[in-house]
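# Structural description and commentary
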Amino acid sequence: TALNPEVINGVECYIIRTGRSVANASGVATEELLYAPCHLLSVVATGNVGLDFALDQGDPAGRSRWIELEINCDETTVKRILENQVSERGFTASVAHGLFDLYKATTNLKADNLLQDCASLRTLSRILKACNSDDCDNMRMVAKDVCELMVEFTAEGTRNPDQLETLNTTINHNLNW
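These numbers come from a predicted model, not from an experiment. (Residues numbered from 1 in each chain as written. Predicted model: local features only at pLDDT ≥ 70, side-chain atom pairs only at ≥ 80, totals over all residues. Heavy atoms only, no water.)

### Some words on the packing of helix α4 (residues 121–130) against helix α5 (residues 136–147)
Rules: Every angle, taken between N-to-C directions, lies between 0 and 180 degrees, and every axis is a line fitted to C-alpha atoms, over only the stretch in contact when it is a helix. Strands here mean DSSP runs of E at least two residues long; helices mean DSSP runs of H or I at least four residues long; both are numbered from the N terminus. Any angle between 65 and 115 degrees counts as roughly perpendicular, while under 35 counts as roughly parallel, over 145 as roughly antiparallel, and the rest as oblique. Rotating anticlockwise by less than a right angle from the far helix to the near helix defines a left-handed crossing, while the corresponding clockwise rotation defines a right-handed one. Only heavy atoms enter the contact rule, under which two residues are in contact if any of them lie within 4.5 Å. Residues are grouped as follows: Ala, Val, Leu, Ile, Met, Phe, Trp, Tyr, Cys and Pro are nonpolar; Asp, Glu, Lys and Arg are charged; every other residue, Gly included, is polar.
Remark: α4 packs on α5, axes separated minimally by 9 Å, with the N-to-C direction vectors making an angle of 135 degrees. Our classification of the angle between α4 and α5 gives oblique. Of the two elements, α4 crosses α5, and the hand of that crossing is right-handed. Across from Thr123, Arg126, Ile127, Leu128 and Ala130 in α4, the residues of α5 making contact are Met139, Val142, Ala143, Val146 and Cys147. Partitioning the contact of α4 with α5 into residue classes produces 8 nonpolar, 1 polar and 1 charged.

Okay, structure coming up:
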């Protein structure tokens, strides 16, 4: 188990399963494992209960741990950041335009209460980093995985089908070059 260290190259190490998928040398997805020497590992853990983290503003312990910093970017800044990230990846400019359109569309859908959340710069960056090409089919598939968090859960514990359909339609429409 993760709490029983193994000796690797003469060093006691914890093997930490991240739960993320990574591609191995042959391109097959495997579970990511981190090997941490016991003497170098410290653990800091927090619990988040949702998008708003349910932080009691009057809680002194919470205030000392969490510093809220809100940075509002105008559309010009968002567009510039996306264009730079797309250029760094060597992708075509149409990718930046599609991602920017997705950003605007999901922002409007959230404002209209049709999605629980919208695409942030972090969301769009994750989509870019997870894609190994600017192929729009690949980009759409990754975007649907990454953006699923924007859809709320039903009482049965599944994603809201109407919101999921809205999101998938929006992704297909905007990531289309």
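### Observations concerning the environment of Lys129
Relative to the elements of secondary structure, Lys129 occurs in helix α4. Lys129 sits 40 residues away from Arg89 along the chain, and the two C-alpha atoms are 8.4 Å apart.

### Some remarks on the pattern of salt bridges
Put simply, the test is: What makes a salt bridge here is a side-chain nitrogen of Lys or Arg within 4 Å of a carboxyl oxygen of Asp or Glu, nothing more. Burial here depends on accessible area, computed with a 1.4 Å probe over protein chains only, as a share of the maximum for the residue type. Under 20% is buried, over 50% is exposed, and the range in between is partly exposed.
Inspection of every chain in the model, using the stated rule, returns 5 salt bridges. In this structure, the salt-bridge partner of Glu32 is Arg20, at a minimum N-O distance of 2.8 Å. On the criterion of sequence distance, the pair formed by Glu32 in strand β3 (residues 29–37) and Arg20 in strand β2 (residues 11–23) is long-range, its members being 12 residues apart. Owing to a relative accessible area of 14%, Glu32 belongs among the buried residues under this scheme. For the salt bridge of Arg140 with Asp137, the shortest nitrogen-to-oxygen distance reads 2.8 Å. Placement of both Arg140 and Asp137 in helix α5 is noted, with a separation of 3 residues, approximately one turn of the helix. Relative accessible area serves as the criterion here: at 15%, Arg140 is assigned to the buried category.

### Things to note about the nonpolar core
As a reminder of what qualifies: Note on terminology: a nonpolar core comprises buried Ala, Val, Leu, Ile, Met, Phe, Trp, Tyr and Cys residues joined through side-chain atoms within 4.5 Å.
Grouped together as the largest cluster of nonpolar side chains are 26 residues, with contacts concentrated most on Leu99, Leu124, Ile127 and Met139. Those elements giving two or more residues to this core turn out to be α2 (75–89), α3 (93–111), α4, α5 and α6 (161–174). Take this core: its biggest share by element is 7 residues, from α3.

### Focus on the pairing of β2
For clarity, the threshold we go by: Two strands make a pair as long as DSSP finds a minimum of two bridges between them.
Where strand β1 (residues 6–8) lies against β2, 3 bridges are found, and the strand directions are antiparallel. Directly across from Val7, in β2, lies its bridge partner Glu12. Where β1 folds back on β2, the antiparallel hairpin that results is connected by 2 residues, among which Asn9 adopts a positive phi of roughly 50 degrees. Relative to β3, β2 is paired through 8 bridges, and the arrangement is antiparallel. From the neighbouring strand, Arg17 faces β3, where its bridge partner is Leu33. Taking the residues between adjacent antiparallel strands as the criterion, β2 and β3 are bridged by 5 residues, where Gly27 takes a positive phi near 90 degrees.

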